[in-house]
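Chain by chain, the residues run as shown.
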Amino acid sequence: MPLTCMQKWINQLTYTDMNNKQFLNELSDKCQIGADQAAVQVENLLGVMEKIWQDGDSVSLSGFGVLEVKKKNERVSVNPTTGVRMLVPPKLVLTYKPSSLLKEKLK
Amino acid sequence: MDNKINLSQLAERLAQEGGMSKAAAEQFVKNFFDIISQRVLEEGLVKVKGLGTFKLIQMEDRESVNVNTGERFTIDGHQKISFVPDADLKERINKPFAAFDTVQISEDQAKELAKMDAETEQADSAPEDKKPVEEPKKSAKEKRLAQKQAKKAEEARKRAQKQQEKDSEKVVDTPTVKEITQKKGTRFLLKFLIGLLSTVLVIGLILFVMWPVIGNSVLDIVEKNLNKAKTEMVTDSLQNAAPAEVILPEKPAETPVEAPVAKPAETPAETQSAKPAESPAVKPAQPSQQPAAQPAAKTKQTQPQASVKYPAVKLNSQDEAKDLSEFTAADVVNFSIEGLLTTHTLQKGETLTVVALKYYGSKKLWPYIAKYNNISDPEKLQPGIVLRVPVLRAK
């Protein structure tokens, strides 16, 4: 039982890793830069975007969509079985809204 | 705040950060998002490390009601792109609100808050600008529903405020840095504890799983140790018991030999050595017998001697039997006989143990004397026998 669990976990890890590698390879091919260079730049880009989000700004890209941090207000949730009321605190959540162009492509 | 950063702005920032030309940065960012959108459309799933997961979700057909006309119509199934941020990124984004935890609300609190909210809500609902626009469109039911929702939201907000006020002087919107750091400390501690607990659990699990392999060997080792301990205990008790028993029989052995038995034994010995004058003085209870015995023949003289010796020997035999059982283990082996020490004439009432005690200081060494003198039956010794006492040397 634990072995199968471990196998699954490892599979998942390797899978995502492969996915990421593929992604970086494709990116480096398109931009004609080295794969390691691409990895570094992706990290930089993510860092820049994070700073933007932390400033409360949103990243909007034509043809892709908007990546934006939204504040979710605090709310009271009720457990339907026990009736216990819980106050869920407010949070900041990163949301993505695809552009209409992308939506069109989906159809 | 609330600025929209577009491609060129983003590229500019990236160019500053990554040390590449602006054109290249722009191209890079464009490609980055192009690949994501392309892959989502093709494969339905893109995981970008450090950002999150984009996923294509199939929405089924569903029925809906036109709010204005009340007509039913179906919304056709379509595909939707969902985005789930990475756990790390999610946490970092939510940093300003990380200090808040989900809190349970008690009944009383809820009622109180509801009352307060009902009062404030009447005042609040009027100046809201969205509602008047929507209201004419909605039916009475719809209106009530909206009001209820608004009420709920207000309630929640009020509750949150109250909770925060109660907890401390928290600022409603953004907690101070101090509070965050404090909460972070406790969170870290909690995480640490959870980590510790989980490692212990994992170790337990591993042990549980590997038990068939490890368990048998462990059990074997434990069993061996137990057996060892048992045997040690047994030998210990044997060795300890021997000297302990020796001390006990000493008294009953010596006293009967020397006091009650030796005295009657002495008297016939004295009579033998022709000292009748002393015996009545020493033993006033026996003179009647001894004078009678003295004139009698030698046969008669030997009779009291025999009768006297008998109890002594009997007692000694018991003593020796005990000694025999005791010395078997260790004592005999420890010494070797090396030559003659002296000779000893056995007196009446004396046994080999007494001789051994006299020359060696230990009763237990009598078998050496017996061996040295080739005595096969130490119980049947006649007084007057000359014993050769050997020199003993510890091996």
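Placed above this text is the structure.
Residues numbered from 1 in each chain as written. Chains lettered and ligands numbered in written order. Predicted model: local features only at pLDDT ≥ 70, side-chain atom pairs only at ≥ 80, totals over all residues.

Concerning the overall build of chain B
Stage number 1. Summing up its helical and strand segments, chain B has 13 helices and nine strands in all.
Stage number 2. By residue count, 18% of the 395 residues in chain B fall in the buried class.
Stage number 3. Sequence separation of 24 or more characterises 57% of the internal contacts of chain B that already satisfy a separation of 6 or more. (Helix = DSSP H or I, 4+ residues; strand = E, 2+ residues; numbered from the N terminus. Buried ≥ 20, exposed ≤ 12 C-beta atoms within 10 Å, placed from the backbone. Contact = placed C-beta atoms within 7 Å.)

Focus on the overall build of chain A
Stage number 1. Assigned secondary structure in chain A consists of three helices and five strands.
Stage number 2. Each helix (α) and strand (β) of chain A, taken in turn from the N terminus, gives the series α-α-β-β-β-β-β-α.
Stage number 3. Split into buried and exposed, the 107 residues of chain A put 24% on the buried side.
Stage number 4. Relative to all contacts within chain A whose residues are 6 or more apart in sequence, the contacts with residues 24 or more apart total 33%.

A few points about the nonpolar core
Stage number 1. One finds L45(A), V59(A), L10(B), L14(B), A25(B), V29(B) and F32(B) to be the most contacted residues of the largest nonpolar core, which totals 34 residues.
Stage number 2. In this structure L14(B) touches N44(A), L45(A), V48(A), A25(B) and V29(B), once residues within four positions along its chain are discounted.
Stage number 3. Core analysis: the second largest hydrophobic core is formed by ten residues, V355(B), A356(B), L365(B) and Y368(B) among them. (Core = buried A, V, L, I, M, F, W, Y, C linked by C-beta atoms within 7 Å.)

Regarding the sheet that holds strand β3 (residues 52–59) of chain B
All names here are of chain B.
Stage number 1. Taken together, the three strands give an open sheet; going across it, the order is β2-β3-β6, and neighbouring strands pair in antiparallel fashion. One side of each edge strand has no neighbouring strand; the edge strands of this open sheet are β2 (45–48) and β6 (78–85). In this sheet, neighbouring strand axes are inclined to one another by 20° on average, regardless of whether the strands run parallel or antiparallel.
Stage number 2. In terms of strand pairing, β3 meets β6 through eight bridges, oriented antiparallel. If you follow T53 over to β6, its bridge partner there is V84.
Stage number 3. The sheet strands contacting helix α2 (residues 22–43) are β2, β3 and β6, and the helix crosses β2 at an angle near 145°. (Pairing = 2+ DSSP bridges. Axes fitted to C-alpha atoms, helices over the stretch in contact; angles between N-to-C directions.)

Details of the sheet that holds strand β1 (residues 58–61) of chain A
Stage number 1. Taken together, the four strands give an open sheet; going across it, the order is β5(A)-β2(A)-β1(A)-β1(B), and neighbouring strands pair in mixed fashion. The two strands at the open ends of the sheet, each matched to only one other strand, are β5 (91–98) of chain A together with β1 (4–5) of chain B.

Points about the pairing of strand β4 (residues 85–88) of chain A
Stage number 1. Pairing between strand β3 (residues 75–78) of chain A and β4(A): four bridges, direction antiparallel. Residue R75(A) lies in a different strand from β4(A), and its bridge partner there is V88(A).
Stage number 2. Here β3(A) folds back onto β4(A), and the loop between the two strands holds six residues, one of which, G83(A), carries a positive phi near 75°.
Stage number 3. The pairing of β4(A) with strand β7 (residues 103–105) of chain B spans three bridges and is antiparallel. The residue bridging R85(A) from the neighbouring strand is I105(B), located in β7(B).

Section: helix α12 (residues 352–360) of chain B
Stage number 1. Listed in full, the buried residues belonging to α12(B) are L352(B), T353(B), V354(B), V355(B) and A356(B).
Stage number 2. Backbone geometry just after α12(B) places G361(B) at a positive phi near 80°.

Quick notes on the packing of helix α1 (residues 7–18) of chain B against α2(B)
All names here are of chain B.
Stage number 1. Interaxial distance between α1 and α2 falls to 8 Å at its minimum, and their mutual angle equals 115°. Between α1 and α2 lies a crossing whose hand is right-handed. Residue-level inspection shows L7, S8, L10, A11, E12, L14, A15 and G18 of α1 in contact with α2, the latter providing K22, A25, E26, V29 and K30.
Stage number 2. Of the residues contributing to the contact of α1 with α2, the split by class is seven nonpolar, two polar and four charged. (Left-handed = near helix turned anticlockwise from the far one by under 90°. Nonpolar A, V, L, I, M, F, W, Y, C, P; charged D, E, K, R; others polar.)

Focus on the interface of chain A and chain B
Stage number 1. Of the residues lining the interface, 49 residues belong to chain A; the matching set on chain B comes to 52 residues.
Stage number 2. For the side of chain A that touches chain B, the secondary-structure elements that each account for two or more residues are α1 (2–31), α2 (35–54), β1, β3, β4, β5 and α3 (100–106) of chain A.
Stage number 3. Counting residues per element, the side of chain A that touches chain B draws most heavily on α2(A), at eleven residues.
Stage number 4. Across the side of chain A that touches chain B, the residue classes break down as 27 nonpolar, eleven polar and eleven charged.

Things to note about α2(B)
All names here are of chain B.
Stage number 1. In this model α2 runs 31 Å from its N-terminal to its C-terminal C-alpha over 22 residues, within 8% of the 32 Å that 1.5 Å per residue would give.
Stage number 2. Buried within α2 we find A25, F28, V29, F32, F33, I36, S37, R39 and V40. Considered in projection along α2, the buried side chains sweep an arc of 165° and stay on one side of the axis. Facing away from the buried side of α2, by more than 90 degrees, are the exposed residues A23 and E42.
Stage number 3. Just downstream of α2 lies G44, where phi reads positive at about 85°. (Expected span 1.5 Å × (residues − 1). Arc of directions from axis to C-beta.)

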